[in-house]
Amino acid sequence: MANIVLVGAQWGDEGKGKVIDYLTDKVDVVVRSQGGNNAGHTVVIGEKKFILRLIPSGILRKGKLCVIGNGVVIDPVSLWEEISELAAQGVKINSKNLLISECAHLVFPYHKIIDEQREASKGSQKIGTTKRGIGPAYGDKIARVGIRVGDLLQPEIFAAKLKTRVKDTNSLLMVFGLKPVRLKKLLAEYLEVGEKMRPLITNTVLTINKAIAAGKEILFEGAQGTFLDVDHGTYPYVTSSNTTAGGACTGSGVPPNRIDRVVGVMKAYSTRVGEGPFPTEDAEVADLMHSMGREYASVTGRARRCGWFDAVATRYAQMLNGIDELAVTNLDGLDSLPRLKVCVAYKLDGKRIEVPPTCVRQLAKCVPVYIELAGWQQPTSDARSYDELPPIAREYLQRICDLTGAALKLVGVGQSRAQTILV
Ligand code: GDP
Ligand code: IMO
Ligand code: MG
């Protein structure tokens, strides 16, 4: 199957977890290379539902190695909770199925406090973050004052670094009138969880590159989505990492010439959680999805904003990521609609444009230009092969993939592992 980078082609929550779980069957190693526990990747197997936040969605398949790469930011307490929750669901974690990069940066409780504080002070301009401290943790990394997973294994060095960070952070918290961080308690908590993680922590750059040299196949699991990329997304309404395909290389230490293919995951419609421009947002689509109990965020429970499929966005995502193949999920969400809209261009100040403007103020002014397609108005969730899908649904799929500019490879017609169609 070769080495594959999988990315979200929209605003996150495209159904990446489900597609990764499906593809993991054919690979040896699954690598997370960016983001943190802001991600929530859902995998449904039979009656069991798993929501993975930091651990790659490949963990549910036996005999696969999962790696949390250097580009991820890790809240170790949350990671340990996730490991314990998985164990309670019968998935045992050890160094045979999970390794953690010693170079990944740590998220501390003060990052979450700063995240919340920044959001509160922005008022109506807020980003709508997950409040997991992701932005402030990446901020420390880029400012070169971050503390890394490997530091946890050297208690004296860790204590000295944390002392400095807490001192600086407390002066900031004081300005906001917030309670100072208690160093002793925090130090004890992190060193304790660090000891538990010790067997899993290693130089994962070596692990992954050795696996590649040995002919093993790697799947790079993207978190978030293209338009949440800190460079290429709807800045500042983005997350703080590179969610596009290039992030897989920098976030894992694997060179670009070892990547063979890029798979893009997109919903058959669009969703976005959090603030920021969303040209095809539509109340009718949102009401439909929410009335079916769908489109509530897996981590925060927030209702996702919903809209029609936006081919202007996905075409740009195809170019940015070099998407070769597409997995289209949630086709079944559109089953009941008599007519479907697809955005093929935007109008900005009366002029037709085919590429999303990089400036959010301009993007917010864009009016979608739609084509209308017939709906299939019959259930698709029992289809198990492409031929079993209604012809009108197949036409819709082909149309959105042609507009995006890549080949259709997988279709999702339900939450469960079985409801996946290989094209
Ligand atoms: P991720 O963050 O990209 O992994 O996506 P999430 O798990 O946050 O959100 C996707 C949601 O859609 C989850 O509830 C999935 O279980 C669900 N899902 C994924 N594919 C399909 C599909 O083809 N049909 C239906 N009905 N649900 C799907
Ligand atoms: P997965 O991997 C959807 C959004 C937040 C907010 C913005 C910044 O499940 O697709 P952050 O906490 O990262 O600073 O928030 O990014 N966001 C996501 N939206 N899916 C995600 O992950 C997201 N991770 C962050 O809602 O708008
Ligand atoms: Mg998600």
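Since we're looking at a predicted model, the values are computed, not measured.

A. Structural context of the overall build of the protein chain. Each helix and strand counted, the protein chain has 12 helices and 20 strands in total. Here the protein chain has a C-alpha radius of gyration of 21 Å; the compact-globule value for 423 residues is 22 Å, and the two agree. Counting only C-alpha atoms and orienting by the principal axes, one finds that the protein chain spans roughly 65 × 50 × 40 Å. Of all 423 residues assigned to the protein chain, the portion counted as buried reaches 56%. Considering only intrachain contacts with a sequence separation of at least 6, the fraction spanning at least 24 residues in the protein chain is 75%. With the model as given, the accessible surface of the protein chain reaches about 17,600 Å², and the carbon-plus-sulfur share is 52%. The average position of the 54 basic charges and that of the 45 acidic charges among the side chains of the protein chain differ by 5 Å.

B. Spatial organisation of the site of ligand 1. Around ligand 1, a shell composed of 19 residues is seen, among which Lys-16, Gly-17, Gly-40, Thr-42 and Asp-332 lie nearest. Between Gly-40 and ligand 1, the recorded distance is 2.8 Å, taken from a backbone N or O atom to an oxygen atom. Take Val-413: an N or O atom from its main chain is 3.3 Å from an oxygen atom of ligand 1. Protein chains bury 93% of the 580 Å² of accessible surface belonging to ligand 1 in isolation. Secondary-structure elements contributing two or more residues to the shell around ligand 1 are α1 (16-24) and β3 (41-45). Sort the elements by how many residues they give to the shell around ligand 1 and α1 lands first, with 3 residues. Here the residues of the shell around ligand 1 are counted per class, giving 1 nonpolar, 11 polar and 7 charged.

C. Looking closely at helix α6 (residues 183-197). Over its 15 residues, α6 extends 21 Å from the first C-alpha to the last, a length consistent with the 21 Å expected when each residue adds 1.5 Å. Listed as buried for α6 are Leu-186, Leu-187, Tyr-190, Val-193, Gly-194 and Met-197. One side of α6 carries all its buried residues, which in axial view fall inside an arc of 145°. Turned more than 90 degrees away from the buried face of α6 sit Lys-184, Lys-185 and Glu-192, all of them exposed. Structurally, α6 contributes buried residues whose contacts are with α2 (76-88), β7 (98-101), α3 (109-122), α5 (155-175) and β9 (201-202).

D. Quick peek at the state of the cysteines. This model, assessed by the stated rule, comprises 0 disulfides. Unpaired in terms of disulfides, Cys-66 finds its nearest cysteine sulfur in Cys-249, a separation of 19 Å. Between Cys-366, a cysteine without a disulfide, and Cys-343, which holds the nearest cysteine sulfur, the sulfur-to-sulfur distance is 8.9 Å.

E. Main features of the pattern of salt bridges. Per the stated rule, a full pass over the model turns up 22 salt bridges. As a salt-bridge pair, Arg-304 and Glu-295 come within 2.7 Å of each other at their nearest N and O atoms. Each member of the pair Arg-304 and Glu-295 is classed as buried. The partner of Arg-339 in a salt bridge is Glu-372, with the nearest N and O atoms 2.9 Å apart. Here the residue Arg-339 occupies a position in strand β16 (residues 339-348), and Glu-372 occupies one in strand β18 (residues 367-374), the gap between them amounting to 33 residues.

F. A look at the coordination of the magnesium ion (ligand 3). Donor atoms from the polypeptide that bind the magnesium ion (ligand 3) are Asp-13 (OD) and Gly-40 (O), placed at 2.0 to 2.2 Å. Within this pair, whereas Asp-13 is found in the loop between β1 (4-8) and α1, its partner Gly-40 is found in the loop between β2 (29-32) and β3, the two being separated by 27 residues in sequence. Gly-40 gets classed as buried once you look at its relative accessible area, which sits at 10%.

G. The arrangement of the site of ligand 2 in detail. Every one of the 20 residues lining ligand 2 counts as a neighbour, but Lys-16, His-41, Thr-130, Gln-224 and Thr-239 are closest to it. Here an oxygen atom of ligand 2 and a side-chain polar atom of His-41 are 2.7 Å apart. Note that an oxygen atom of ligand 2 is positioned 3.0 Å from one of the backbone N or O atoms of Val-273. Isolated, ligand 2 exposes 550 Å² of accessible area, and the fraction of that covered by the protein chains is 98%. For the shell around ligand 2, the per-class residue count stands at 7 nonpolar, 10 polar and 3 charged. Taken domain by domain, the shell around ligand 2 gets at least three of its residues from each of domain 1 (4-98 + 203-422) and domain 2 (105-199).

H. Geometry of the sheet that holds strand β15 (residues 325-329). Reading across from one edge, β9-β7-β5-β2-β10-β1-β11-β15-β19-β20 is the order of the 10 strands in this open sheet, with mixed pairing throughout. Strands with a single pairing partner mark the edges of an open sheet, and in this sheet they are β9 and β20 (420-422). Strand direction decides the pairing type here: β2 and strand β10 (residues 218-221), joined by 4 bridges, are parallel. Considered in β10, the bridge of Val-29 is made with Ile-218. Where helix α12 (residues 391-404) meets the sheet, its contacts fall on β11 (261-267), β15 and β19 (407-412), and the angle it forms with β15 comes to roughly 135°.

I. Representation of the nonpolar core within the structure. Ranked by size, the top nonpolar core spans 68 residues in total, and within it Leu-331, Leu-334, Val-342, Leu-389 and Tyr-396 carry the most contacts. Excluding residues that lie within four positions of it along the chain, Val-342 makes contacts with Phe-309, Ala-311, Val-369, Tyr-370, Ile-371, Leu-373, Tyr-396, Ile-400 and Leu-403. Val-30, Leu-79, Tyr-110 and Leu-200 belong to the second largest nonpolar core, which has 50 residues in total.

Criteria and thresholds
Residues numbered from 1 in each chain as written. Chains lettered and ligands numbered in written order. Predicted model: local features only at pLDDT ≥ 70, side-chain atom pairs only at ≥ 80, totals over all residues. Heavy atoms only, no water. Helix = DSSP H or I, 4+ residues; strand = E, 2+ residues; numbered from the N terminus. Rg over C-alpha atoms; globule rule 2.2 N^0.38 Å. Buried < 20%, exposed > 50% of the residue type's maximum accessible area, 1.4 Å probe, protein only. Contact = heavy atoms within 4.5 Å. Areas by Shrake-Rupley, 256 points an atom, 1.4 Å probe, with all protein chains shown as cover. Lys, Arg positive; Asp, Glu negative; His and termini not counted. Charge placed at Lys NZ, Arg CZ, Asp CG, Glu CD. Near = heavy atom within 4 Å. Polar contact = N/O pair within 3.5 Å; in protein donor to acceptor, adjacent residues only side chain to side chain. Nonpolar A, V, L, I, M, F, W, Y, C, P; charged D, E, K, R; others polar. Expected span 1.5 Å × (residues − 1). Arc of directions from axis to C-beta. Disulfide = S-S within 2.5 Å. Salt bridge = Lys/Arg side-chain N within 4 Å of Asp/Glu carboxyl O. Donors = N, O, S within 2.8 Å, 3.2 Å for Na, K, Ca; no water. Domains from an automatic or database assignment. Pairing = 2+ DSSP bridges. Axes fitted to C-alpha atoms, helices over the stretch in contact; angles between N-to-C directions. Core = buried A, V, L, I, M, F, W, Y, C linked by side-chain atoms within 4.5 Å.

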